[in-house]
Amino acid sequence: MENKKAPIFTMLVVVLIVGSALYKQIDFKTMRVEKPALAILYTVTLLFATFVLVKNYSNKVEK
């Protein structure tokens, strides 16, 4: 069975969109977020997409 990998371009788009949405949620004067539950979901998604990108990049470097 073939090893399936997430496309780099798709994960890069996800990182950019979710990162900008998370950045817009933060109020830097008070260091709080507008919707904490949504910010947690954005953070988890951002970390997962970044992990996939780093893992895919490190696999390409090894080969």
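Treat the numbers as computed from the prediction; the structure is a model and nothing was measured.

Peer 1: Please explain the overall build of the protein as it appears in this structure.
Peer 2: Helix and strand counts for the protein come out as two helices and two strands. Burial statistics for the protein: of 63 residues in total, 14% are counted as buried. If you take every contact in the protein between residues at least 6 apart in sequence, the share linking residues at least 24 apart comes to 62%. Looking at the protein as shown, the accessible area adds up to about 5,500 Å², and 69% of this sits on carbon and sulfur atoms.

Peer 1: What's the story with the packing of aromatic side chains in this structure? I'm lost.
Peer 2: Pairs of aromatic rings are described using the distance from one ring centre to the other and the angle between the two planes. All chains considered together, the criterion is met by one aromatic pair. Seen from their ring centres, Tyr23 and Phe28 are 5.4 Å apart, and the 50 degrees between their planes marks the pair as tilted. Under the relative-accessibility criterion, Tyr23 is labelled exposed at 55%.

Peer 1: Please explain the side chain of Gln25 as it appears in this structure.
Peer 2: Looking at the element boundaries, Gln25 is found in helix H1 (residues 8-25). When its relative accessible area of 10% is taken as the criterion, Gln25 is described as buried. Contacts of Gln25, omitting those with residues within four sequence positions, involve Arg32, Val33, Glu34, Lys35, Leu38 and Tyr42.

Peer 1: What am I meant to see in unusual backbone geometry here?
Peer 2: When glycine is set aside, most residues are seen to have a negative phi, and most peptide bonds are trans. Phi at Met31 is positive, roughly 55 degrees, even though this residue is not glycine. Position of Met31 among the secondary structure elements: in the loop between strand S1 (26-27) and strand S2 (32-33). Overall, Met31 belongs to the exposed group, its relative accessible area being 58%.

What counts and what doesn't
- Residues numbered from 1 in each chain as written.
- Predicted model: local features only at pLDDT ≥ 70, side-chain atom pairs only at ≥ 80, totals over all residues.
- Heavy atoms only, no water.
- Helix = DSSP H or I, 4+ residues; strand = E, 2+ residues; numbered from the N terminus.
- Buried < 20%, exposed > 50% of the residue type's maximum accessible area, 1.4 Å probe, protein only.
- Contact = heavy atoms within 4.5 Å.
- Areas by Shrake-Rupley, 256 points an atom, 1.4 Å probe, with all protein chains shown as cover.
- Phe/Tyr/Trp six-rings, centres within 6.5 Å; stacked < 30°, edge-to-face > 60°.

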